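# Remarks on the overall topology
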Amino acid sequence: MPDLLDRLGAALARGREALPLVRVGGPIQEVTASAARVAGVAPFMTLGDRMGFLANGREQIGEVVRVDAGGVTVKPFDSRIEAGIGTLAYRLGDPTLRPDPSWKGRVIDALGRPIDGLGDLVPGARAVPLEAAPPPAMERARVTQPLRTGVRALDLFTPLCLGQRIGIFAGSGVGKSTLLAMLAGATGFDSVVVALVGERGREVREFLDGAMAPNRARSVIVVSTGDESPMMRRQAPKMALAIAESFRDAGESVLLIVDSVTRYAHAARDVALAAGEPAVARGYPPSVFSDLPRLLERAGPGLDGAGTITGVFSVLVDGDDHNDPVADSIRGTLDGHVVLDRAIAEQGRYPAVHLLGSISRLASEVWTPEQRELVRRLKAMMARFEETRDLRLMGGYRTGEDAELDQAILLVPRIYEALRQEPGMAASQDAFLELAQFLRT
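What comes next is a walk through the structure.

Conventions we followed
- Residues numbered from 1 in each chain as written.
- Predicted model: local features only at pLDDT ≥ 70, side-chain atom pairs only at ≥ 80, totals over all residues.
- Heavy atoms only, no water.
- Helix = DSSP H or I, 4+ residues; strand = E, 2+ residues; numbered from the N terminus.
- 1 Å grid on protein atoms, 1.4 Å probe; cavity = no way out; pocket = protein on both sides within 12 Å on 5 of 7 lines; lining within 4 Å.
- Points joined across faces, edges and corners; volume = space filled by probe spheres on them.
- Nonpolar A, V, L, I, M, F, W, Y, C, P; charged D, E, K, R; others polar.
- Phe/Tyr/Trp six-rings, centres within 6.5 Å; stacked < 30°, edge-to-face > 60°.
- Buried < 20%, exposed > 50% of the residue type's maximum accessible area, 1.4 Å probe, protein only.
- Pairing = 2+ DSSP bridges.
- Axes fitted to C-alpha atoms, helices over the stretch in contact; angles between N-to-C directions.
- Contact = heavy atoms within 4.5 Å.

Following Asp 259, the chain continues to Ser 260 via a peptide bond in cis, the omega torsion being 5°. Between Tyr 350 and the following residue, Pro 351, the backbone shows a cis peptide bond with an omega angle of -5°. Inspection of the secondary structure puts Pro 351 in the loop between α9 (342-346) and β19 (359-360).

Moving on to empty space enclosed by the protein. If a probe as big as a water molecule is rolled over the atoms, it shows which places are left empty. Evaluation of the coordinates by the stated rule reveals 2 cavities of 30 Å³ or more. If you add up the space inside the largest cavity, you get close to 70 Å³. As for the largest cavity, its lining consists of Ala 153, Arg 349, Tyr 350, Pro 351, Val 353, Leu 355, Tyr 416, Leu 419 and Arg 420. Looking at side-chain class alone, the lining of the largest cavity contains 7 nonpolar, no polar and 2 charged residues.

Turning to the packing of aromatic side chains, a few remarks are in order. Two descriptors summarise a pair of aromatic rings, namely the distance from one centre to the other and the angle between the planes of the rings. Using the criterion set out here, one finds 2 aromatic pairs in the structure. Aromatic pair Tyr 284 and Phe 289: ring centres 6.0 Å apart, planes at 70°, arrangement edge-to-face. When its relative accessible area of 24% is taken as the criterion, Phe 289 is described as partly exposed. Judged by centre distance (6.3 Å) and plane angle (80°), the ring pair of Phe 385 and Tyr 416 falls under edge-to-face. A residue pair is termed long-range when its members are at least 10 positions apart, and Phe 385 in helix α10 (residues 369-387) and Tyr 416 in helix α12 (residues 403-419) qualify at 31 residues.

This part is about the sheet that holds strand β1 (residues 25-31). Strand order in the closed barrel formed by 6 strands is β1-β2-β5-β4-β3-β6, with antiparallel pairing between adjacent strands. Geometrically, the sheet is characterised by an average inter-axis angle of 40° between neighbouring strands, direction not taken into account. With 3 bridges joining them, β1 and strand β2 (residues 36-38) adopt antiparallel strand pairing. Pairing of Glu 30 across the sheet is with Arg 37, part of β2. Sheet strands touched by helix α5 (residues 230-249): β3 (50-55), β4 (58-68) and β5 (71-76). Its angle to β4, the strand with the most contacts, is close to 85°.

It is worth spelling out the environment of Gly 150 at this point. Locating Gly 150 in the fold gives a position in the loop between β10 (146-147) and α2 (152-157). Measuring from C-alpha to C-alpha, the distance between Gly 150 and Ile 115 comes to 31 Å, with 35 residues separating the pair along the chain. Sequence-distant contacts of Gly 150, defined by excluding residues within four places in its chain, comprise Asp 155, Gln 421, Ala 427 and Ser 428.

Set out below in structure tokens:
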């Protein structure tokens, strides 16, 4: 009985938080295709506050994206505003979330509502903010424990550690989602949190029933498809990070996958432009370039003694331009980047990792001195092979003129063949040993 009374008291407390005794509100005085203006509430509102209003018998929720003397601009989470002039908009409570371990195996939307038809979510005991600050730099644990991904190309040339943040940079149709699916099967994690941002609706079920099937029971998937509003696409990574932070603070090792950060940046751009910000770099307002590191820094190791969030962020490179402002900003924030090359994909080599253009800033924590020297020699050999490709195709080189180039011509194609790996193939257990055995045969 005391247990039941405690649960009832907690439920009543949460109800008081969600429905305060006094509400601040004001009338909608202007409606556009993407936002609404609410008068009379500016002294009581701050950026990021939630507001609700009734439209056609249901409550719509929006976020305050601009505050000025005349009122506030509210951008809804729905695709369109159904309210009219004079509709009363009221302030909602601060946006918080109550993740619970029972959420593992569930699929939710960007507002934390279940969309898998398996009933309501059980709220956790502790509320966490959606816009949490990252742990203080001097109190964060160091990243030193190696992580085996099972993907030979990564374990050999861009090895990762638990708590590292890595970016997968690729144009459309180069195999980015396939590589993410392979990484989702990595072992050694207590839980997996996935944010699918702006994905095609068709691909959601394929990802859940295919790549995520082995890890579905320990995964929380946050979905915001491409047909949803920019507010929902902007919210999905924040929701995923809040859930991952809750699991990390409980001492778990969490794998966080966000596909893709570029679509988050596109959504943040739409919201910022609606708030009146000027565009400064290829149509992106300045706030986008401060939002990105604030989001990415939330992943990584927690405080000493807590768990870790290993972040894998896909970056869709528009027009295969890797110097795009968003891609460049993300690359400078993360602990490494894996570049997928369209030319390699056209040769049928998957995963299409550009080994010479990819880097892990924590590889020194994984490699032994012998492995580091071996990788250095292999990369030098591959660089020599690639830079002489046109010369050899034109018949301008004869075998025997350069012993190092002869060795590269002999070994590099076999190395490329050893690194080929399809999603259905067995995961790599020891990439260096497997490469050595392949070359011997």
